[in-house]
Amino acid sequence: MPNPREVLELIERMRCISSDGERRALIERLGAVDRPTVLSFLNAHGLNVCMTSDAALAAFGASDVLLRDGIGLQAVLPVLGMPSGLNMNGTDFIPLLLKTLGPRKVAIYGTATPWLDRARAALETETPHRYADLQHGFHPVEHYIAQARANRPDVILLAMGMPKQEQVAAELKRALDHPVLIVNGGAIVDFLAGRFKRAPEAVQRSGLEWAFRLAQEPRRLFRRYCIGAFGFAWSTYRLRRAASLRTRGTGAAAPASTRISPSPIRRSPIQKEL
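Presented here is an overview of the structure given in this document. (Residues numbered from 1 in each chain as written. Predicted model: local features only at pLDDT ≥ 70, side-chain atom pairs only at ≥ 80, totals over all residues. Heavy atoms only, no water.)

**Regarding the pairing of strand β2 (residues 65–68)**
Here is step 1 of the chain: Side chains of β2 alternate between two faces, with Val-65 and Leu-67 and Leu-66 and Arg-68 buried alike.
Here is step 2 of the chain: Here strand β1 (residues 36–42) pairs with β2 via four bridges, running parallel. When the bridges of β2 are listed, Ser-40 appears paired with Leu-66. (Buried < 20%, exposed > 50% of the residue type's maximum accessible area, 1.4 Å probe, protein only. Helix = DSSP H or I, 4+ residues; strand = E, 2+ residues; numbered from the N terminus. Pairing = 2+ DSSP bridges.)

**Details of the packing of aromatic side chains**
Here is step 1 of the chain: Enumeration over the complete set of coordinates arrives at three aromatic pairs.
Here is step 2 of the chain: Ring geometry for Trp-234 versus Tyr-237: centroids 5.4 Å apart, planes at 20 degrees, classification stacked. Here Trp-234 and its partner Tyr-237 are both found in helix α13 (residues 218–250), three residues apart, which amounts to about one turn of the helix. (Phe/Tyr/Trp six-rings, centres within 6.5 Å; stacked < 30°, edge-to-face > 60°.)

**Notes on helix α3 (residues 44–52)**
Each turn of an α-helix holds 3.6 residues, which means side chains three or four residues apart point in the same direction.
Here is step 1 of the chain: Those residues of α3 that fall on the buried side of the exposure criterion are Gly-46, Leu-47, Asn-48, Val-49, Cys-50 and Met-51.
Here is step 2 of the chain: Put simply, Asn-43 is the residue that caps the front of α3, since its side-chain oxygen is 3.2 Å from the backbone nitrogen of His-45. (Polar contact = N/O pair within 3.5 Å; in protein donor to acceptor, adjacent residues only side chain to side chain.)

**A look at the pairing of strand β4 (residues 130–135)**
Here is step 1 of the chain: With five bridges connecting them, strand β3 (residues 105–110) and β4 associate as parallel partners. Counted as the bridge partner of Tyr-109 is Gln-135 from β4.
Here is step 2 of the chain: Taking the sense of rotation as the criterion, the β-α-β connection linking β3, helix α7 (residues 115–126) and β4 turns out right-handed. (Right-handed = clockwise from strand over helix to strand, strands pointing away.)

**Some words on the pattern of salt bridges**
Here is step 1 of the chain: Tallying each qualifying case throughout the model produces eight salt bridges.
Here is step 2 of the chain: Residues Arg-174 and Glu-171 are paired through a salt bridge, measuring 2.8 Å at the closest nitrogen-oxygen approach. With Arg-174 and Glu-171 both in helix α9 (residues 164–175) and three residues apart, this pair spans about one turn of that helix.
Here is step 3 of the chain: By relative accessible area, Arg-174 is classed as exposed at 60%. (Salt bridge = Lys/Arg side-chain N within 4 Å of Asp/Glu carboxyl O.)

**Considering the nonpolar core**
Here is step 1 of the chain: If you look at the biggest cluster of nonpolar residues, it comprises 30 residues, and the most contacted ones within it are Leu-39, Leu-67, Phe-93, Ile-108 and Val-183.
Here is step 2 of the chain: The greatest single-element share of this core, amounting to four residues, is contributed by helix α6 (residues 90–100).
Here is step 3 of the chain: Ignoring sequence-local partners within four residues, the contact set of Ile-108 consists of Leu-116, Leu-123, Tyr-131, Asp-133, Leu-134, Gln-135, Leu-157 and Val-189.
Here is step 4 of the chain: Formed by 20 residues, the second largest nonpolar core is a distinct cluster that contains Val-7, Phe-60, Leu-73 and Leu-80. (Core = buried A, V, L, I, M, F, W, Y, C linked by side-chain atoms within 4.5 Å. Contact = heavy atoms within 4.5 Å.)

Okay, here's the thing in structure tokens:
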């Protein structure tokens, strides 16, 4: 079971994006990676998973760029003394990223047919990329590594759900030797394929998109959103207590740039650059 302080250190590594200019600069850097680089999104469900699983925490810790996703962390970060910044949810940011980047070879690993083909058809009309390799999300990780080594895509979009996709991303990062941006996309392919509808903009702005999704998939999402809400409240309490104990122990919280992360989430040179 992870120590809450380790999860707190992961949260402190999230990149706070506070303006459109910072978002554009991030996209530019993501388009110029020179090694396997993992982009992930941390939301309330991901936080709950990290609080209960060492493997999940290590997988998220392998991310080179970690962005805040959703209203849950928006509420929690100020409690922990951190800025929340813009909501960088993958459902909006990933399509923007793909539309903005110059032509690339893209692989999609995740979900299942016919949604993979429908998502590719939608993306081919809206983005400049070549979608060269589609694989459903139920293969062993060795299969994705072999595919990526054979096809050498510039971008790999994973759509397997948490924490499997983060674990696959970490394995791909270790196994590949060419520049590739590995994006943990969750349900993004299902949204692009029209399998599920996005909430109306007014619902999105109100922070209630989770309720709209729950209405579409009550059986699958009840545990995550309803039962998970109690786990998230408990996680928030434990993280706040960990932050308070650390401050008491040191007299003041150390600057984020000077804190030493535990070995499972040690930062790489690309993390420092991005």
